[in-house]
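Coordinates in review
Here's the letter readout for the chains.
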Amino acid sequence: MELKGQVSLELIMIIGFILILILGIASFLGTDNELNQVMSAARSGAIEGANTDSFAIYPEETFKNYTIEHMRLLNPSSVKIIKIDYTNQGFDEKYNKTKIQLRISASAPSVTDISDRNVLGDRVNFYVRKSICGSFSTSNQTNDLFNPAFSNRYVLTTADVTWI
């Protein structure tokens, strides 16, 4: 009898240890999965923004503004997304979420004016934030510029696009 009780106790301890290990791994993988989803949405948004810039397709109000201030942007230009990375800026007490800043590197050899590049970069950043909000259905939690963007665990901002 004593021997059978000992096997049961050892089995319960092993199962308990495995269960704790599985729960720890699942929590870690859930966090990584959400960050991967954020980065995937950011890539999708950056490509959409770059295509909008490349094809010079803008909303009517933006088009009217560009005819006054940024004539160069009314012509198609080649905008290419080079790299997207992020910086974890720690826990943000205001939103009760971890703050992530996304940094996009892009290239547009045909656009040399710094002001025009800033406008192109703003459009890319807008589409990045919009795509993230769309992926997590959080558009109702932010403003019209989707700044900041939200996921379940993160509050996301974008730095100025770095032009290479």
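Residues numbered from 1 in each chain as written. Predicted model: local features only at pLDDT ≥ 70, side-chain atom pairs only at ≥ 80, totals over all residues. Heavy atoms only, no water.

**What to know about the overall build of the protein**
Counting its secondary structure elements, the protein contains 3 helices and 5 strands. Along the chain direction, N to C, the helices and strands of the protein fall in the order α-α-β-β-α-β-β-β. For a compact globule of 164 residues, the expected C-alpha radius of gyration is about 15 Å, and the protein comes in at 23 Å, more than 25% above that figure. Partitioning the contacts of the protein with sequence separation of at least 6, the portion at a separation of at least 24 is 65%. Across the protein, the 15 positively charged side chains and the 17 negatively charged ones have centroids separated by 3 Å. (Helix = DSSP H or I, 4+ residues; strand = E, 2+ residues; numbered from the N terminus. Rg over C-alpha atoms; globule rule 2.2 N^0.38 Å. Contact = heavy atoms within 4.5 Å. Lys, Arg positive; Asp, Glu negative; His and termini not counted. Charge placed at Lys NZ, Arg CZ, Asp CG, Glu CD.)

**Thoughts on unusual backbone geometry**
Glycine aside, negative phi is the norm for most residues, and most peptide bonds take the trans geometry. For the bond running from N147 to P148, omega is 0°, close enough to zero to count as cis. Residue position: P148 is located in the loop between helix 3 (114–136) and strand 3 (149–150). In this structure, A56 is a non-glycine residue whose phi angle is positive, near 55°. By secondary structure assignment, the location of A56 is in the loop between helix 1 (2–55) and helix 2 (60–69). Take A56: its relative accessible area is 17%, and that puts it in the buried class. The backbone phi angle of N96 is positive, close to 65°, even though this residue is not glycine. Judged by its relative accessible area of 57%, N96 falls in the exposed class. (Buried < 20%, exposed > 50% of the residue type's maximum accessible area, 1.4 Å probe, protein only.)

**Observations regarding the pairing of strand 1 (residues 80–92)**
Pairing between strand 1 and strand 2 (residues 97–107): 10 bridges, direction antiparallel. If you follow K80 over to strand 2, its bridge partner there is S107. As consecutive antiparallel partners, strand 1 and strand 2 are separated by 4 residues, and within that stretch N96 has a phi angle of approximately 65°, a positive value. (Pairing = 2+ DSSP bridges.)

**Comments concerning the pairing of strand 2**
Taken residue by residue, a regular strand's side chains alternate between the two faces of the sheet. Both strand 2 and strand 4 (residues 154–158) contribute to a ladder of 5 bridges, which runs parallel. Across the sheet, I100 pairs through a bridge with L156, a residue of strand 4. Two elements, strand 2 and strand 5 (residues 162–163), share 2 bridges in a ladder whose sense is parallel. When the bridges of strand 5 are listed, A106 appears paired with W163.

**Things to note about a nonpolar patch on the surface**
A contiguous nonpolar surface patch, about 590 Å² in accessible area, is contributed by I14, F17, I18, L21, I22 and I25. Relative to the elements of secondary structure, I14 occurs in helix 1. (Patch = residues over 30% accessible without salt bridge, like charges linked within 9 Å, V, L, I, M, F, W, Y side chains within 5 Å. Areas by Shrake-Rupley, 256 points an atom, 1.4 Å probe, with all protein chains shown as cover. Salt bridge = Lys/Arg side-chain N within 4 Å of Asp/Glu carboxyl O.)

**Let's talk about the packing of aromatic side chains**
This structure, assessed with the given rule, holds 4 aromatic pairs. With a centroid separation of 4.7 Å and 75° between ring planes, the pair formed by Y58 and Y66 is classed as edge-to-face. Summarising the burial analysis for this pair, Y58 and Y66 share the class buried. Seen in terms of ring centroids, F126 and Y127 are 5.3 Å apart; in terms of plane orientation they differ by 80°. Their pairing is edge-to-face. Look at F126 and you get buried, because its relative accessible area is 19%. Accessibility expressed as a relative area gives 12% for Y127, which makes it buried. Linked through ring pairs, F126, Y127 and F146 together constitute an aromatic cluster. (Phe/Tyr/Trp six-rings, centres within 6.5 Å; stacked < 30°, edge-to-face > 60°.)

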